[in-house]
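Chain by chain, the residues:
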Amino acid sequence: MSIRATAAERPESGAHRVFALLIPPPEDEDPILFDEIRRRVQSGIWMVAIISMVLPTGSLLFFGTGLFEEPYPLLRPVRRLIVESNLTILAMGILFAALSRGVRAPNQGRFFVAAFAVVAAVISARIQLSVSPPQLMGESNFFLLLVIALVPYRPLQALALALASTAAVTVAALFMPVAEGLELSMEVRERVLGQAVPVLFVFNITSSIVALFLYDSRRSTWLAQVERDRLAKELAASEEKFRSLFEQSTDGIFALDTKSGIVLIANPALKEILGVEPEELVGRSFLERLHPTEVDAAMEAARSYIRGPRTAARFHAKLRREASTQPVICEIAIHRPDDPDVVSGTIRDVTQQVRLEEEIRERAAQLERANGLIQSAQTKLVQSEKMASLGSLVAGVAHEINTPLGAIQSNADLSRRALAQLEAAREPIDPAQGDAGREKLKRLSTVLQEANTITLEATQRIVRIVRELRDFARLDQAEEQMADLHRGLESTLSLLGYIFKNRIRIEKKYGELPEILCHPHQLNQVFMNLLQNAAQAIDGEGTITLETRVEGRGPAREIVIAIRDTGQGIKPEHLERVFDPGFTTKGVGVGTGLGLSISYQIVQDHKGTITVESELGRGTTFTVRIPARAA
Amino acid sequence: MSAARNPTVVLVDDEDIVLSSIRALLALETPYDIVTFTSPKKALEYIASTPVDLVVSDYLMPEMDGITFLGKVRELKPDIPRIILTGYADKENAIKAINEVGLYQYIEKPWENDELILILRNGLERRQLMERLEEKIRDVNKAHAELMKIQREILKVFA
């Protein structure tokens, strides 16, 4: 605020003070002050106008009706002049009254009023001169005083006005013609002037000095007024802001007296939260609003809060809702802990949130439990699938071993019998029966040899089966290793031999396959699953074709194994679900439906892909692609 | 079956070591003539053309399964006892088929040599008995026919 600053800077030394009085700070620096001054000038002009209308009217009545005759008989010759003058002034007054509303700037108004004052002074001087004996005192000063009193003039302006007025009166006194029919000699004029002018001059100057002090004091008042208005406006605005916050806040706002716990302030939001009008809350203890379960805890907390160091705090509390037994869970925030007498803060209803949070926690716990159950069920299913697959593997192995075992058993027994006969034949051989005896020996020896050969052959076969079994399971090596997939296919085919035996032809179209880094026993599981499915898909007789080849080069090189069967095929709507865990078309109780999903998983783990194509009635082809990684 | 001829047993199995084992055993312990085949088709040809006293067949074979084979044998020569060799896994199916196809016996693999010999002997004995029975029935029929002829002659004389 520049004006205020200027005022505060006002120096104390005498010379400066006089200077400041004569040349006050400009009025147009602060628009509010400028406007204030303009209004004052405006109202000043208005008052001058009123007076300029009233007085002449009264005077006109007085002089017009001849009432003046008695008290002022000397004024008879100038009656006409007086009437004319009054009319002039009245006219000017009316004009000013009309124009006063249009004052845009203080100086504008001041100028016109000043001009009026000078004209009025001249008119009144003329009247004075026309009176016999002529005078120049009194009324010529009247309008100057009036104007200076009513319209705030800056000091220098007032001075100028005073001088102008004096000069004008002087000139008028010397040269202006007096009333009709009267004659005034220069000599008289000069005499009158000689008496009057000094007084006039002093008087006018004094008036202007008075105006100077008037302006100064008026200015201070105006400044103070303007400042007061501004502060009042600001205060009102901020009060309004606070009020609207207070009224419209959805959070409850409260303040309590520290010692008694009595509620001092409560806003309308508390009605929503607690079901009680704010008016009912004020003047009562906050303890009444606590939920019964909370009272002791609250008392304890409140006591320690009051005793201990005051900090801003945020906590949950259960409050009582009118006409309900359910507590309202509220989040209470306490602020401005520095005031020792008052505790104030906000209350927010968080019952919903708290309930939701509890629900969510419960749901999460439930989900976790369910998840745990699902996982364990899944593990069991995978286990049972493995067991089922193992079961058929075991059945296959048992069947395969049966034959060589039968041979071994039979031949071992045969050897026993032959040896028994041999034992018997070792009794002295009758030379007479020589040839027959030698024949018998030869025969027995042949039998024994044959039995031995068969036994060895059968034993080899069992060794082979066990090796294939070990190969298949790769029980001794479970880590990733280089492996020839053809070997895996062969051992799987061999172990499944019994299910193909009399109705399914096996066709092999093997390409050149390099060894790749993989988990061979896992891939063997995949081959077993696919071959079993192929065999089961074929109703009666059919063919299973195994095709192997390498595709691509460099890092994109992959091994492709296709297993095609001439079985029933898979329905198009089932095709996309074929790898889903638990999906099976084999009927209830046959298999767990997990075989293909486990195979899918294994192939994925090898970063490969497994796809299926099928034609109903013609057959199905499963294609496995595994990236050919080297160690 | 003529008394002079040794009984002929036909063995059919796709596994050669089974055939060798059984043949060696029977050669040592029995007087039977053993004829072995790995192909059921060839066996059928033989059975059709040659007198045979017993047929033993395996169940699971690539060319045709044992039940089908023995069914065909029954069509050819219904009097011959038919025996099937089954592995543990096929026992149930075999037992069901026994009634359908009319098998004499089934032998489980691996077989006990004593049991095998016994079953074969019983089978052949039955065959013998049936043959003798049939012979006797033929004789009786023949005698009956002659009696009827004589009766007619007599009646003719009296009529």
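Located above this text is the structure these notes cover.
Quantities reported herein were computed from a predicted structural model and do not represent experimental measurements. (Residues numbered from 1 in each chain as written. Chains lettered and ligands numbered in written order. Predicted model: local features only at pLDDT ≥ 70, side-chain atom pairs only at ≥ 80, totals over all residues. Heavy atoms only, no water.)

1. A closer look at the overall build of chain A
Looking only at helices and strands, chain A has 18 helices and 12 strands in total. Counting every position in chain A, which comprises 631 residues, the buried fraction comes to 40%. A sequence separation of at least 24 residues applies to 67% of the contacts in chain A between residues at least 6 apart. Per element, the accessible surface of chain A, about 35400 Å² overall, is 59% carbon and sulfur. (Helix = DSSP H or I, 4+ residues; strand = E, 2+ residues; numbered from the N terminus. Buried < 20%, exposed > 50% of the residue type's maximum accessible area, 1.4 Å probe, protein only. Contact = heavy atoms within 4.5 Å. Areas by Shrake-Rupley, 256 points an atom, 1.4 Å probe, with all protein chains shown as cover.)

2. A closer look at unusual backbone geometry
The residue after Lys-109 of chain B, namely Pro-110 of chain B, is reached through a cis peptide bond having omega -5°. One non-glycine residue with positive phi stands out, namely Lys-607 of chain A, at about 60°. Residue class for Lys-607 of chain A comes out exposed when judged on its relative accessible area of 67%.

3. Details of the sheet that holds strand E1 (residues 8-12) of chain B
Residue and element names in this part refer to chain B. The parallel open sheet is built from five strands, whose spatial order is E2-E1-E3-E4-E5. The outermost strands of the open sheet, each flanked by one partner alone, are strand E2 (33-37) and strand E5 (105-108). Sheet twist, expressed as the average angle between the axes of neighbouring strands with direction ignored, equals 20°. Direction of pairing for E1 relative to E2: parallel, over a ladder of five bridges. (Pairing = 2+ DSSP bridges. Axes fitted to C-alpha atoms, helices over the stretch in contact; angles between N-to-C directions.)

4. Some details on a nonpolar patch on the surface
All names here are of chain A. A grouping of Val-18, Phe-19, Leu-22, Ile-23, Leu-156, Leu-159, Leu-163, Phe-201 and Val-202 is seen on the molecular surface, where their side chains present a nonpolar patch of about 780 Å² in accessible area. Elements that contribute at least two residues to the nonpolar patch include exactly helix H2 (14-22), helix H7 (155-175) and helix H8 (186-248). Here Phe-19 shows up in helix H2. A residue is classified by how much of its surface remains accessible, and Phe-19, at 52% relative accessible area, is exposed. (Patch = residues over 30% accessible without salt bridge, like charges linked within 9 Å, V, L, I, M, F, W, Y side chains within 5 Å. Salt bridge = Lys/Arg side-chain N within 4 Å of Asp/Glu carboxyl O.)

5. Description of empty space enclosed by the protein
Here the structure, examined in full by the defined rule, presents three cavities of 30 Å³ or more. Size it by volume and the second largest cavity reaches roughly 50 Å³. In terms of lining, the second largest cavity is formed by His-399, Glu-400, Thr-403, Arg-461, Tyr-498 and Lys-501 of chain A together with Glu-15 of chain B. (1 Å grid on protein atoms, 1.4 Å probe; cavity = no way out; pocket = protein on both sides within 12 Å on 5 of 7 lines; lining within 4 Å. Points joined across faces, edges and corners; volume = space filled by probe spheres on them.)

6. Focus on the interface of chain B and chain A
Buried accessible area, meaning the area lost when the parts come together, often serves as the stated size of an interface. In this assembly, 27 residues from chain B lie in contact with 26 residues from chain A. At the boundary of chain B with chain A, total buried surface from both sides reaches about 2200 Å², with 54% on carbon and sulfur atoms. Summed over the three residues of chain B that lose the most area to chain A, namely Ile-17, Leu-28 and Leu-60 of chain B, the buried surface amounts to 30% of that side. Where chain B touches chain A, the interface holds three salt bridges. Between Glu-29 of chain B and Arg-417 of chain A there is a salt bridge; the shortest N-O distance is 2.7 Å. Remark: the boundary between chain B and chain A carries nine residue pairs in polar contact (both at pLDDT 80 or more). Secondary-structure elements contributing two or more residues to the side of chain B that touches chain A are helix H1 (16-29) and helix H5 (113-158) of chain B. Broken down by class, the residue content of the side of chain B that touches chain A amounts to 14 nonpolar, four polar and nine charged. (Buried area = accessible area lost by both parts, 1.4 Å probe. Polar contact = N/O pair within 3.5 Å; in protein donor to acceptor, adjacent residues only side chain to side chain. Nonpolar A, V, L, I, M, F, W, Y, C, P; charged D, E, K, R; others polar.)

7. Things to note about helix H2 (residues 40-49) of chain B
All names here are of chain B. Listed as buried for H2 are Pro-40, Ala-43, Leu-44 and Ile-47. With its buried residues spanning 100° around the axis, H2 presents them on a single face. The outward face of H2, more than 90 degrees from its buried face, is lined by the exposed residues Lys-42, Glu-45 and Ser-49. Where the residues of H2 are buried, they touch E1, E2, strand E3 (54-58) and helix H3 (66-76). (Arc of directions from axis to C-beta.)

8. Describing helix H18 (residues 595-605) of chain A
Regarding H18 of chain A, the residues found buried are Gly-595, Leu-596, Ser-597, Ile-598, Ser-599, Ile-602 and Val-603 of chain A. The first or second residue beyond H18 of chain A is Lys-607 of chain A, which carries a positive phi of 60°.

9. Observations regarding the packing of helix H14 (residues 485-495) of chain A against helix H16 (residues 520-537) of chain A
All names here are of chain A. Following both chains from N to C, one finds H14 and H16 inclined at 45°, their axes separated by 9 Å at the closest point. The angle between H14 and H16 places the two elements in the oblique class. Between H14 and H16 the crossing geometry is right-handed. Every residue of H16 that contacts H14 at Leu-485, Gly-488, Leu-489, Ser-491, Thr-492 and Leu-493 is listed here: Leu-523, Asn-524, Phe-527, Met-528 and Leu-531. When the residues that make up the contact of H14 with H16 are grouped by side-chain class, the tally is seven nonpolar, four polar and no charged. (Parallel < 35°, antiparallel > 145°, perpendicular 65-115°, else oblique. Left-handed = near helix turned anticlockwise from the far one by under 90°.)

10. A few points about the layout of surface pockets
Residue and element names in this part refer to chain A. Of the pockets and cavities examined, the largest pocket occupies roughly 990 Å³. Of all the elements in the fold, those that place two or more residues in the lining of the largest pocket are helix H12 (351-425), helix H15 (497-500), H16, H18 and strand E12 (619-627). In terms of residue count, the dominant contributor to the lining of the largest pocket is H16 (eight residues). Counted by class, the lining of the largest pocket contains 16 nonpolar, 18 polar and five charged residues.

11. Some remarks on the nonpolar core
Residue and element names in this part refer to chain A. Within the largest apolar cluster, 46 residues are counted, with the highest numbers of intra-cluster contacts made by Ile-45, Val-113, Phe-116, Val-147, Val-151, Tyr-153 and Leu-161. When near neighbours in sequence (up to four residues on either side) are disregarded, Val-147 contacts Val-48, Val-113, Phe-116, Ala-117, Tyr-153 and Leu-161. Ranked by size, the runner-up nonpolar core spans 44 residues in total, among them Leu-493, Phe-500, Ile-598 and Val-624. (Core = buried A, V, L, I, M, F, W, Y, C linked by side-chain atoms within 4.5 Å.)

12. Examining the pairing of strand E4 (residues 327-335) of chain A
Walk down a regular strand and you will see the side chains alternate between the two sheet faces. All names here are of chain A. A large share of E4 lies buried, amounting to eight of its nine residues. The hairpin turn running from strand E3 (residues 313-320) into E4, its antiparallel successor, is six residues long, and Ala-323 in that turn takes a positive phi close to 60°. In terms of strand pairing, E4 meets strand E5 (residues 342-349) through six bridges, oriented antiparallel. The partner of Ile-334 across the bridge, within E5, is Gly-345.

13. Here's the deal with the pattern of salt bridges
Residue and element names in this part refer to chain A. Enumeration over the complete set of coordinates arrives at 35 salt bridges over all chains. Glu-36 serves as the salt-bridge partner of Arg-39, at 3.1 Å between the closest nitrogen and oxygen. Taken as a pair, Arg-39 and Glu-36 lie in helix H3 (residues 31-64) at a separation of three residues, close to a single helical turn. On the basis of relative accessible area, Arg-39 is assigned to the partly exposed category, the value being 41%. For Asp-251, the salt bridge identified is with Arg-348, shortest N-O distance 2.9 Å. In this pair, Asp-251 sits in the loop between H8 and strand E1 (252-257) while Arg-348 sits in strand E5, placing the two residues 97 residues apart along the sequence. Overall, the relative accessible area of 17% leaves Asp-251 in the buried class. On the basis of relative accessible area, Arg-348 is assigned to the partly exposed category, the value being 38%.

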